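# Architecture and fold: a report
The primary structure of each chain is shown beneath.
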Amino acid sequence: MNDLMTPDTQIALMTASQADIGKAVQKTKGTNDIKNLEKIEEAAQEFEAVFLSEMLKPMFEGTMEPDPMFGGGKGEEIFKGMMLQEYGKMLADKGGVGIAEHVKAELIRIQETAQK
């Protein structure tokens, strides 16, 4: 974005683009031309979950220090990673940040161009 656009204008443009993507996805749901729409939706959801998990990692780096008496070790590191993955899945299931809709629209567009 350029310097002439205010934050309100940027938010309005992002909201409008998300609405356009939602309309395009709704339009394609009614047609039978899209193969494996369920798989596309699942892949987009998983992509957003992985993205959110990776974005959460730095947030938790300094906050979850192991207890010196009973904590630490490889097990704690593994379970911390699993916890962050589940947080990412939960956030994506609840709507996430809108990445899944963009990924789904792009996958549908790619499939439509491949069919032509």
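One structure accompanies this document, and this report is about it. Just so it is clear, the structure is predicted and the values come from calculations on it, not from any experiment. (Residues numbered from 1 in each chain as written. Predicted model: local features only at pLDDT ≥ 70, side-chain atom pairs only at ≥ 80, totals over all residues. Heavy atoms only, no water.)

Relative to each other, helix 2 (residues 37–60) and helix 4 (residues 99–115) sit at 140°, their axes nearing to 8 Å. In terms of their interaxial angle, helix 2 and helix 4 are classed as oblique. For the pair helix 2 and helix 4, the crossing hand works out as right-handed. Here Leu37, Ile40, Glu41, Ala44, Gln45, Phe47, Glu48 and Phe51 of helix 2 lie close against helix 4, whose contacting residues are Ile99, Ala100, Val103, Lys104, Leu107, Ile108 and Gln111. Partitioning the contact of helix 2 with helix 4 into residue classes produces ten nonpolar, two polar and three charged. (Axes fitted to C-alpha atoms, helices over the stretch in contact; angles between N-to-C directions. Helix = DSSP H or I, 4+ residues; strand = E, 2+ residues; numbered from the N terminus. Parallel < 35°, antiparallel > 145°, perpendicular 65-115°, else oblique. Left-handed = near helix turned anticlockwise from the far one by under 90°. Contact = heavy atoms within 4.5 Å. Nonpolar A, V, L, I, M, F, W, Y, C, P; charged D, E, K, R; others polar.)

Quick look at the pattern of salt bridges now. Throughout the structure, instances matching the rule amount to five salt bridges. Note that Glu41 is salt-bridged to Lys104, the shortest N-O span being 3.7 Å. One end of the pair, Glu41, is in helix 2; the other, Lys104, is in helix 4, and 63 residues separate them in sequence. The class of Lys104 is buried, set by a relative accessible area of 8%. With its nearest N and O atoms 3.4 Å apart, the salt bridge here joins Lys89 to Glu86. Residue Lys89 and its partner Glu86 are both found in helix 3 (residues 74–93); the two are separated by three residues, about one turn of the helix. Residue class for Lys89 comes out partly exposed when judged on its relative accessible area of 42%. Here Glu86 falls in the partly exposed class, since its relative accessible area comes to 42%. When salt bridges that share partners are traced, they join Glu41, Glu101 and Lys104 into one network. (Salt bridge = Lys/Arg side-chain N within 4 Å of Asp/Glu carboxyl O. Buried < 20%, exposed > 50% of the residue type's maximum accessible area, 1.4 Å probe, protein only.)

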